[in-house]
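Notes for the structure review
Listed below, chain by chain, are the residues.
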Amino acid sequence: AQSVAQPEDQVNVAEGNPLTVKCTYSVSGNPYLFWYVQYPNRGLQFLLKYITGDNLVKGSYGFEAEFNKSQTSFHLKKPSALVSDSALYFCAVRDMAALIFGKGTTLSVSS
Amino acid sequence: DTGVSQDPRHKITKRGQNVTFRCDPISEHNRLYWYRQTLGQGPEFLTYFQNEAQLEKSRLLSDRFSAERPKGSFSTLEIQRTEQGDSAMYLCASSRTGGNEKLFFGSGTQLSVL
């Protein structure tokens, strides 16, 4: 079965610093990987996806993710964090027609 | 896009009662998904439809859970004989056909079973 793991429950960074939210995956076959963000009292929003091609994927709000096949990782990154980036972030992998989500990582950006 | 709409936003019920939630997807989306999310966990896939056909329902949590999408537009999720363990956020999402298309999520229905 396809799965993803997010090893950190919470990540704390200062505004202006780079941020990384980690995700590792376990799949049979080629992975289709996604990142979603959940703001308080709002639905999950799509950030970016990796299907094939360039290992560095660019997404919404200045986020990007790096696919690393040898490390089975798909870490979310941003060069300079904003306070408004504070939210709950989910990594996901496609399994047939469904998306299988990780437990989520809370990102807290302090001013 | 007008967004995915879910109704109600909150539902409080007593154990043993039946509840039904409604989801209105984005109009041009033919795929509709139901997920459940509990505190501290990521969304858990329950079922999905392509148009009116329910193509995956083996992950519904028990036979007390059922979903319909009678005309390929809105969908309902029903939980019969609710239990306290059913308390969770129930999320609906929609997408165009194609497994790599991004999902658009509604804000969810928060169910509390007393």
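Above this note sits the structure.
Notes on the structure in this doc start here. As the structure is a prediction and not an experimental result, all values here were calculated from the model. (Residues numbered from 1 in each chain as written. Chains lettered and ligands numbered in written order. Predicted model: local features only at pLDDT ≥ 70, side-chain atom pairs only at ≥ 80, totals over all residues. Heavy atoms only, no water.)

**Observations concerning the sheet that holds strand β7 (residues 65–68) of chain B**
Residue and element names in this part refer to chain B. Applied cut-off: A pair of strands is treated as paired once DSSP finds two or more bridges between them. For the purposes of this entry, the term helix denotes a DSSP run of H or I that reaches at least four residues, the term strand denotes a run of E that reaches at least two, and both are numbered from the N terminus. Throughout, an axis means a line fitted to C-alpha atoms (over the contacting stretch in the case of helices), and angles, computed between N-to-C directions, take values from 0 to 180 degrees.
Spatial strand order, β1-β3-β8-β7: 4 strands in an open sheet with antiparallel pairing. In this open sheet, the two strands that pair with only one neighbour each are β1 (5–7) and β7. Shown here is a sheet whose adjacent strand axes are inclined to one another by a mean of 15°, direction ignored. Across 4 bridges, β7 lies against strand β8 (residues 75–79) in antiparallel orientation. When the bridges of β8 are listed, E68 appears paired with T76.

**Brief notes about the state of the cysteines**
Filter applied, for reference: Cysteine sulfur atoms that come within 2.5 Å of each other are treated as a disulfide pair. Classification of residues uses two cut-offs on accessible area relative to the type maximum, computed with a 1.4 Å probe and protein chains only: under 20% is buried, over 50% is exposed, and between them is partly exposed.
Evaluated as defined, the whole model comprises 2 disulfides over all chains. Here C23 of chain A connects covalently by a disulfide to C91 of chain A, the sulfurs 2.0 Å from one another. Between C23 of chain A and C91 of chain A, the S-S torsion sits near -60°, and that sign places the bridge as left-handed. Residue C23 of chain A is located in the loop between β3 (19–21) and β4 (24–26), and its partner C91 of chain A is located in strand β10 (residues 87–95); the two are separated by 68 residues in the primary sequence. Take C91 of chain A: its relative accessible area is 0%, and that puts it in the buried class. Covalent S-S linkage joins C23 of chain B and C92 of chain B, the inter-sulfur distance amounting to 1.8 Å. Judged by the sign of its S-S torsion, about -70°, the bond between C23 of chain B and C92 of chain B is left-handed. With C23 of chain B in strand β3 (residues 19–24) and C92 of chain B in strand β9 (residues 88–95), this residue pair connects regions lying 69 residues apart in the sequence. Side by side, C23 of chain B and C92 of chain B carry an identical accessibility label, which is buried.

**Brief notes about the interface of chain A and chain B**
What counts here: By the convention used here, residues are in contact when the closest approach between their heavy atoms is within 4.5 Å. Each of two parts loses accessible area, computed with a 1.4 Å probe, when they are put together; buried area is these two losses added. Pairs of N or O atoms within 3.5 Å make up the polar contacts considered here, provided that, within protein, one atom can donate a hydrogen while the other can accept it, and that residues adjacent in sequence are counted only when both atoms are side-chain atoms. Residue type decides the class: Asp, Glu, Lys and Arg count as charged, Ala, Val, Leu, Ile, Met, Phe, Trp, Tyr, Cys and Pro as nonpolar, and the leftover types, Gly among them, as polar.
The interface is formed by 21 residues belonging to chain A together with 21 residues belonging to chain B. Together, the buried faces of chain A and chain B total about 1,600 Å²; carbon and sulfur atoms form 54% of this surface. Counting across the interface, chain A meets chain B through 4 residue pairs in polar contact (both at pLDDT 80 or more). Elements that contribute at least two residues to the side of chain A that touches chain B include exactly β5 (33–38), β6 (44–50), β10 and β11 (98–101) of chain A. Here the element with the most residues in the side of chain A that touches chain B is β11 of chain A; it accounts for 4 residues. Split by residue class, the side of chain A that touches chain B holds 12 nonpolar, 4 polar and 5 charged.

The values are spatial; any link to function lies outside them.
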